[in-house]
Amino acid sequence: MNVQDDVHDEGGRRLDQIRLTGISATGYHGVFGHERRDGQTFVADVVVHMDTRRAAAGDDLAHTVDYGEVAQLVAAVLAGDPVDLIETVAERIAATVLARPHVQAVDVAVHKPQAPITVPFGDVVVSIRRDRTKLPAAEPYRPPTGQVRRPTDAGARPRTAPLPLTADPVLPSLGAPLTAAPLAAASPVPAPLGPPGTPPVAGPASPPQGSPAAPAPDASRLGHDTGPDGAGAVVVGPAPTGAVPTGVMPAVTAAAPDGPPTELMAPLPDVVEGEIVLDALDEPPSQPVRAVLALGANLGPAQETLRQAVADLAATPGLEVVAVSPLARTAAVGPEQPDYLNAVVLTRTTLAARELLRAVHAVEQRHGRERLEHWGPRTLDVDIVVYGETLAVTDDLELPHPRAHERAFVLQPWAQVDPDAQLPGLGGGPVAQLAATAPDRDGVRWMALDWLTAPVPAANPEPDGVPSGETHLP
Ligand SMILES: Nc1ncnc2c1ncn2[C@@H]1O[C@H](COP(=O)(O)OP(=O)(O)OP(=O)(O)O)[C@@H](O)[C@H]1O
Ligand SMILES: Nc1nc2c(c(=O)[nH]1)N=C(CO)CN2
């Protein structure tokens, strides 16, 4: 591997690499029946990009990636659920490795040396790189309980006190990438008021953009629905310079550029299977926190559902609705399905992050939300986009929402209601800018301003969902 394959951190310093080559297993991937039936050898090479200094300084496996564990996971994907394409296998491996703590980026090559190619050939390889800016389009492989054992799998140990970030001698760059302008610093929301009891709606609306949606990932291979709230949460220590889209990391609170030092929780070694572990996300804030919620619906009377959902949120104790975005009609990102109606709600809350998650789930339930198909059609989806400046990756809650930075159906309405909004964390930045470059930006068909107080004719659903293909300007 040569220099152009290096990955650099935010300071331009080359990241260290852990390379694993030639991991092989019999797999049943392929488009032909005989491949599915007979299987063949698949081989993977993996390069993990990370900072290995902390592990080296303490000679401590807990601060690096256990290559034995990675090899087992990679082999399990190779031998696992059959798919048609080695692209998919590579994507799954990348998602699995990126979900490991400390990993900033990963290169994956999947070889299929016995591929059914009718001319003599040496090998066929798909080679990909994934990181926080180019997230894997697949779910991490999760081994059945007990399959992959780590040397530290000794059960739960008590959590130690929070470590000030500045106490870390070998990671001088830790503070910088976690900074983001506080939401509180965003300009006041322009919010014309509706009738009494109606939360304010902000404008102005954008013109229609028309045209098709972004490429649709395969729903069956995407997602992070990992089970009941709170289960199997938090492990491990400092997340250096980010780039871990899923998996387990401590909750951290980002500091404004010249704000107080960011605090990280000390390493949390392990968690007993099935035990509910409380962490910072369960702690109610000392001051009300600004949280941004994203709403979407494409089944049933979607506009009415969203309107009701806003009222339900406003009626939730500990949650105040500050402003509501225009209503956007958007092409579905994901499997083929009707257009969505999307809106963003700015709130202020005294609920802990997980209490807020439970509250939004309750609102989804009230409107008949069923989790049938990942990224499939739904009567109502409510996601937490941001909760103050909190950055966290746990099994049941990721903050900011891990896909918010690339979703025009969230970013565009958000930028309308709060033009100066900033998305904290890696991959974040000015929301209006992110909205302008998001892959699905052309799928935002139109926005309607007065949707909370008046019906939007073009938003009327067809019997099984919001009709697609129109570009009305209400
Ligand atoms: N920031 C977040 N907001 C909402 N849910 C989250 C968040 N982070 C993690 N989750 C978890 O994601 C799980 C699945 O959520 P949901 O079914 O709404 O996903 P989805 O809408 O199909 O996909 P997406 O998360 O990509 O919008 C939830 O049960 C929740 O525990
Ligand atoms: N346009 C659009 N596409 C989606 C949406 C959504 O709200 N709007 N939600 C999804 C899963 O949350 C998947 N795809």
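Sequence order as written defines the numbering, with residues in each chain counted from 1. Ligands are numbered from 1 and chains lettered from A, in the order in which they are written. Local features in a predicted model are, by the rule used here, given only for residues with pLDDT of at least 70; side-chain atom pairs are given and counted only at 80 or more, and totals for whole chains, interfaces and linings are based on all residues.

You'll find the chain entered in an unreviewed UniProt entry as Bifunctional folate synthesis protein, with Cellulomonas phragmiteti given as the organism. UniProt positions are given in the numbering used here, feature names are shortened, and annotations may be inferred rather than shown by experiment. The UniProt entry for the chain carries this comment under Function (unreviewed entry): "Catalyzes the conversion of 7,8-dihydroneopterin to 6-hydroxymethyl-7,8-dihydropterin."

## Digging into the site of ligand 2
All residues adjacent to ligand 2 are Gly-296, Thr-330, Ala-331, Ala-332, Val-333, Gly-334, Tyr-340, Asn-342, Trp-375, Asp-381 and Phe-409. When residues are sorted by character, Ala, Val, Leu, Ile, Met, Phe, Trp, Tyr, Cys and Pro go into the nonpolar class, Asp, Glu, Lys and Arg into the charged class, and all the rest, Gly among them, into the polar class. The residue makeup of the shell around ligand 2, split by class, is six nonpolar, four polar and one charged. To decide whether a residue is near a molecule or strand, its C-beta atom is placed from the backbone and checked for lying within 6 Å of it.

## So, the nonpolar core
Counting residues in hydrophobic clusters, the biggest one holds 68 residues, and the most contacted among them are Leu-293 and Val-345. Any two residues are considered in contact once their C-beta atoms, placed from the backbone, lie within 7 Å. Apart from residues no more than four positions distant in its own chain, Val-345 is found in contact with Leu-293, Leu-295, Val-310, Leu-313, Val-321 and Val-324. Residues enter a nonpolar core if they are buried, belong to Ala, Val, Leu, Ile, Met, Phe, Trp, Tyr or Cys, and are joined to the set through C-beta atoms within 7 Å. Exposed residues have 12 or fewer other C-beta atoms within 10 Å of their own C-beta, buried residues have 20 or more, and residues in between are partly exposed; the C-beta atoms are placed from the backbone.

## Some points on the UniProt feature "domain: 7,8-dihydro-6-hydroxymethylpterin-pyrophosphokinase" (unreviewed entry) in the chain
Those residues carrying the UniProt feature "domain: 7,8-dihydro-6-hydroxymethylpterin-pyrophosphokinase" (unreviewed entry) are residues 374-385 in this numbering. Counting secondary structure, residues 374-385 comes out at 0% helix and 42% strand; the distance between its end C-alpha atoms is 18 Å. Here a helix means four or more residues in a row that DSSP labels H or I, a strand means two or more in a row labelled E, and each is numbered from the N terminus.

## Quick notes on the site of ligand 1
Lining the immediate environment of ligand 1, one finds 15 residues, of which Asp-383, Ile-384, Asp-396, Glu-398 and His-401 sit closest. It is strand E12 (residues 381-387) that contributes the most residues to the shell around ligand 1, three residues altogether. Looking at side-chain class alone, the shell around ligand 1 contains five nonpolar, three polar and seven charged residues.

## Let's talk about the sheet that holds strand E2 (residues 40-50)
In a beta sheet, neighbouring strands pair by backbone hydrogen bonds and run either parallel or antiparallel. A pair of strands counts as paired when DSSP detects no fewer than two bridges linking them. Taken together, the four strands give an open sheet; going across it, the order is E1-E2-E3-E4, and neighbouring strands pair in antiparallel fashion. Strand pairing shows two members of the sheet lacking a second neighbour, strand E1 (16-27) and strand E4 (125-131), which therefore form its edges. Averaged over all pairs of adjacent strands, the angle between strand axes in this sheet comes to 15 degrees, irrespective of strand direction. Pairing of strand E3 (residues 105-111) with E4 involves seven bridges; the strand directions are antiparallel. Looking at E4, one finds that Ala-105 is bridged to Asp-131. Running at roughly 35 degrees to E1, helix H3 (residues 67-79) makes contact with E1 and E2 of the sheet. Axis lines are fitted to C-alpha atoms, over the contacting stretch for helices. Their N-to-C directions set the angle, which ranges from 0 to 180 degrees.

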